[in-house]
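Analysis of the macromolecular model
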Amino acid sequence: ADSSGARVRCQGPACVKDLLCGCGSSASMLSLLPALHLAFGSAYTPSLPSWTQAVLPGCAQGEECGRLALANGLTFNCRFAGPAASVTNVLLLHGFPEFASIYSGLMAQMASKGWRSLACNQRGYSEGASPATVDAYSYYHLADDAYAMAEAAGFTHDGGKFHLIGHDHGGFLSWFMAQPTVYGNHLHSLTSLSSPHPMPFSEALFGANADEEQVVASQYLTMFCLDDSASLHNDFWYLALGATAGSDLGFAFGDATTFQLALFWYTTVFLLDGIVAMPPVLSAEQILAVDPAAESVAALRGLFGTSVPWPSQGFAATDTVGNISVPTLFVCGTADTALLCTRPYALESADYVVDASYTYKQVVGCGHDLLSCGGNMTLADETIAAVVQHVGDADEVAGVAQA
């Protein structure tokens, strides 16, 4: 990787070229990932990052906020909560288009139990961690960032492990990280909020067992992945999602160019990394034939059209996520219209957790925003209680002695 964290194009021996470009099999790539990390100086190499505590807008009461500079040259806006000497440590990864502030309520609850937690605004969401090239937003780089954050926080000191929680894109990234060939051996538990395991989700998007309703619900993915998608049609996506996302710790999406960096997460996971399948592009007529109520999706298709710079029939994932072996909680909002996590395909996430406990929790009436539930804090508290219970149970299984 260069100083921006972008992947350097392959120029070495053929086998290494295949691995770095994602052209080889996922099994071979993942099996050699730790060695490649060591060879190319990524997060597996111990570093001494710099933490600068600062008074930043959006820092909640009881949080310590500031900027975390990692050895890869990127600096992230972050928030800590809970005592530094805790034996229970939790890393939280946000999704799109949201900030680490979504976790403030959960972090406060964990702090009340004496647990330490860290949530950072990731690549594209921090002014010091916004490289300009799409390759820099590979899930492999995002995973390395996340582990380096945990390492910097002392969560892995003397072989320590931590709990990983992710929402939306952060949930898919957490499933990816939890593979034993990536960072799973450093985890006590996994919690995915809203996001099913990437493999059954991929099968719901493309192939013989595709879920038509999820394919319709995911048509926006085919629009997000277009070149310069944030700027298309008079900055449509920027104005609809970026300009309305608010700000956190001094950062906001000031224009379509800035917001494009957040959209790069989609380009990498679907097109460059191939971790999730690409759904077929449906016409407005096809969308309404599946779901007559999907008028807004059909209208978006009318705006963006059906022309895409990849096979419009969709394609399967090429770098599939495998099994994980840590206690796992998957929380689903039954009113989620983006990730239809009550559908049969989503329930198959259980099949990818082996030799560890798996819990599926529905929050009835909550949508995609499981930590706010449209302002219904009774439902949001149900999510928080389930997560806290899961972390505590995983600690007990691991024999973590609480103070």
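The structure under discussion appears in the preceding block.
Residues numbered from 1 in each chain as written. Predicted model: local features only at pLDDT ≥ 70, side-chain atom pairs only at ≥ 80, totals over all residues. Heavy atoms only, no water.

Considering all chains together, one arrives at 4 disulfides under this definition. Covalent S-S linkage joins cysteine 59 and cysteine 65, the inter-sulfur distance amounting to 2.1 Å. The sign of the 90° torsion about the S-S bond sets the cysteine 59-cysteine 65 disulfide as right-handed. Look at cysteine 59 and you get partly exposed, because its relative accessible area is 29%. (Disulfide = S-S within 2.5 Å. Buried < 20%, exposed > 50% of the residue type's maximum accessible area, 1.4 Å probe, protein only.)

Let us look at the packing of helix H5 (residues 139-152) against helix H6 (residues 169-177). Where H5 meets H6, the axes come as close as 10 Å, and the angle between the chain directions of the two elements is 80°. With respect to H6, the axis of H5 lies roughly perpendicular. Note on element contacts: H6 touches H5 through His169, Phe172, Leu173, Phe176 and Met177, opposite Tyr139, Tyr140, Leu142, Ala143, Ala146 and Tyr147. When the residues that make up the contact of H5 with H6 are grouped by side-chain class, the tally is 10 nonpolar, 1 polar and no charged. (Axes fitted to C-alpha atoms, helices over the stretch in contact; angles between N-to-C directions. Helix = DSSP H or I, 4+ residues; strand = E, 2+ residues; numbered from the N terminus. Parallel < 35°, antiparallel > 145°, perpendicular 65-115°, else oblique. Contact = heavy atoms within 4.5 Å. Nonpolar A, V, L, I, M, F, W, Y, C, P; charged D, E, K, R; others polar.)

So, about the sheet that holds strand S1 (residues 50-53). On the basis of which strands lie adjacent, the open sheet formed by 9 strands has the order S1-S2-S3-S5-S4-S6-S7-S10-S11 and mixed pairing. Edge strands, defined here as strands with exactly one partner in the open sheet, are S1 and strand S11 (358-363). Pairs of neighbouring strands in the sheet enclose a mean axial angle of 20°, with direction left out of account. Sheet analysis places strand S6 (residues 162-167) next to strand S7 (residues 187-193), joined by 6 bridges and oriented parallel. The residue bridging glycine 166 from the neighbouring strand is serine 192, located in S7. Of the strands in this sheet, strand S3 (75-81), strand S4 (89-93), strand S5 (116-120) and S6 touch helix H4 (residues 104-112), which is tilted by about 45° from S3. Seen against the sheet, helix H15 (residues 377-398) touches S4, S6, S7, strand S10 (328-333) and S11 and runs at an angle of roughly 160° to S7. (Pairing = 2+ DSSP bridges.)

Within this structure, the stated rule accounts for 8 salt bridges. Measuring nitrogen to oxygen at the nearest pair gives 2.5 Å for the salt bridge that ties aspartate 145 to arginine 123. Placement of aspartate 145 in helix H5 and of arginine 123 in the loop between S5 and H5 is noted, with a sequence separation of 22 residues between them. Neither residue differs from the other here; aspartate 145 and arginine 123 are each classed as buried. (Salt bridge = Lys/Arg side-chain N within 4 Å of Asp/Glu carboxyl O.)

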